[in-house]
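Each chain, letter by letter, is given below.
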Amino acid sequence: MKLELFYYDECPYCQIVLEVIDDQELTSKIILCNVRKNPQHRDRHLKTTGRTTVPCLYIDDKPMFESRDIARWLEVNRKKISEG
Ligand SMILES: N[C@@H](CCC(=O)N[C@@H](CS)C(=O)NCC(=O)O)C(=O)O
């Protein structure tokens, strides 16, 4: 499973998701795409979704918005992600 988080550090909603990633020890499983540090990430996110909103977790290239939904999904799928 390919997982990419589009985010930036100053976004409080992104921090919620980053904390869950850290708590669930999933850091090595998720590619972090900082949209402020890398305009290519921002452009790709905008081109794919028509939005610049973060956080957004791409699960096998399918975007999921909303920090609460992302956090819940990571918690529910933790085992599968860890093993993958
Ligand atoms: N309800 C959303 C809020 C996300 C949000 O407002 N993100 C802001 C940054 S803190 C953002 O990306 N704003 C720019 C935009 O929407 O284009 C969540 O919980 O994920």
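Placed above this text is the structure.
Residues numbered from 1 in each chain as written. Predicted model: local features only at pLDDT ≥ 70, side-chain atom pairs only at ≥ 80, totals over all residues. Heavy atoms only, no water.

J.: Looking at this structure, how should I read a negative patch on the surface?
T.: A surface patch of like charges, here negative, comprises Glu 19, Asp 22, Asp 23, Glu 25 and Glu 75. With three residues, the single largest contributor to the negative patch is helix 1 (residues 12-23). For Glu 19, the location among the structural elements is in helix 1. A residue is classified by how much of its surface remains accessible, and Glu 19, at 52% relative accessible area, is exposed. (Patch = residues over 30% accessible without salt bridge, like charges linked within 9 Å, V, L, I, M, F, W, Y side chains within 5 Å. Areas by Shrake-Rupley, 256 points an atom, 1.4 Å probe, with all protein chains shown as cover. Salt bridge = Lys/Arg side-chain N within 4 Å of Asp/Glu carboxyl O. Lys, Arg positive; Asp, Glu negative; His and termini not counted. Charge placed at Lys NZ, Arg CZ, Asp CG, Glu CD. Helix = DSSP H or I, 4+ residues; strand = E, 2+ residues; numbered from the N terminus. Buried < 20%, exposed > 50% of the residue type's maximum accessible area, 1.4 Å probe, protein only.)

J.: Help me understand helix 1, please; the structure alone is not making it clear to me.
T.: The periodicity of an α-helix, 3.6 residues per turn, causes residues three or four positions apart to be oriented the same way. Taking 1.5 Å of rise per residue, twelve residues should cover 16 Å, and helix 1 covers 16 Å from first to last C-alpha, within 8% of that figure. Of the surrounding secondary structure, the elements contacted by the buried residues of helix 1 are strand 1 (3-7), strand 2 (31-34) and helix 3 (67-76). (Expected span 1.5 Å × (residues − 1). Contact = heavy atoms within 4.5 Å.)

J.: Mind showing me how you'd approach the packing of aromatic side chains here?
T.: Describing an aromatic ring pair means giving the distance of the ring centres and the angle of the ring planes. Applying the stated criterion across every chain yields a total of one aromatic pair. With centroids separated by 4.6 Å and ring planes inclined at 40°, the aromatic side chains of Phe 6 and Tyr 58 adopt a geometry described as tilted. One end of the pair, Phe 6, is in strand 1; the other, Tyr 58, is in strand 3 (residues 56-59), and 52 residues separate them in sequence. Taken individually, Phe 6 and Tyr 58 each receive the classification buried, so the pair is uniform in this respect. Sitting over the face of the ring of Tyr 58, Arg 44 holds its NZ or CZ atom 5.6 Å from the ring centroid. The lysine or arginine in question, Arg 51, covers the ring of Phe 65, its NZ or CZ lying 3.8 Å from the ring centre. (Phe/Tyr/Trp six-rings, centres within 6.5 Å; stacked < 30°, edge-to-face > 60°. Lys NZ or Arg CZ within 6 Å of the ring centre and 35° of its normal.)

J.: What's the story with the sheet that holds strand 4 (residues 62-65) in this structure? I'm lost.
T.: The strands that make up a sheet pair up through hydrogen bonds in the backbone, lying either parallel or antiparallel. With mixed pairing, the four strands of this open sheet are ordered in space as 2-1-3-4. Looking at which strands have only one partner, the edges of the open sheet turn out to be strand 2 and strand 4. Neighbour-to-neighbour, the strand axes of this sheet turn through a mean angle of 25°, independent of strand direction. Sheet topology places strand 3 next to strand 4; four bridges connect them, and they run antiparallel. Across the sheet, the residue bridging to Tyr 58 is Pro 63, located in strand 4. Contacts from helix 2 (residues 39-49) reach strand 1, strand 2, strand 3 and strand 4, with the element oriented near 75° to strand 3. Packing of helix 3 onto the sheet brings it into contact with strand 1, strand 3 and strand 4, and relative to strand 4 it is tilted by some 115°. (Pairing = 2+ DSSP bridges. Axes fitted to C-alpha atoms, helices over the stretch in contact; angles between N-to-C directions.)

J.: What's the story with the pattern of salt bridges in this structure? I'm lost.
T.: Opposite charge on two side chains makes pairing possible when the charged atoms of those side chains draw close. Tallied over the full model, the rule gives six salt bridges. Across the pair Arg 44 and Glu 4 runs a salt bridge whose closest N-O atoms are separated by 2.8 Å. Residue Arg 44 is located in helix 2, and its partner Glu 4 is located in strand 1; the two are separated by 40 residues in the primary sequence. For Arg 44, a relative accessible area of 30% translates into the label partly exposed. Two residues, Arg 36 and Glu 10, come together in a salt bridge whose shortest N-O distance is 3.5 Å. Residue Arg 36 is found in the loop between strand 2 and helix 2, and its partner Glu 10 is found in the loop between strand 1 and helix 1; the two are separated by 26 residues along the sequence. Among the residues examined, Arg 36 registers a relative accessible area of 54% and is labelled exposed. Judged by its relative accessible area of 56%, Glu 10 is exposed.

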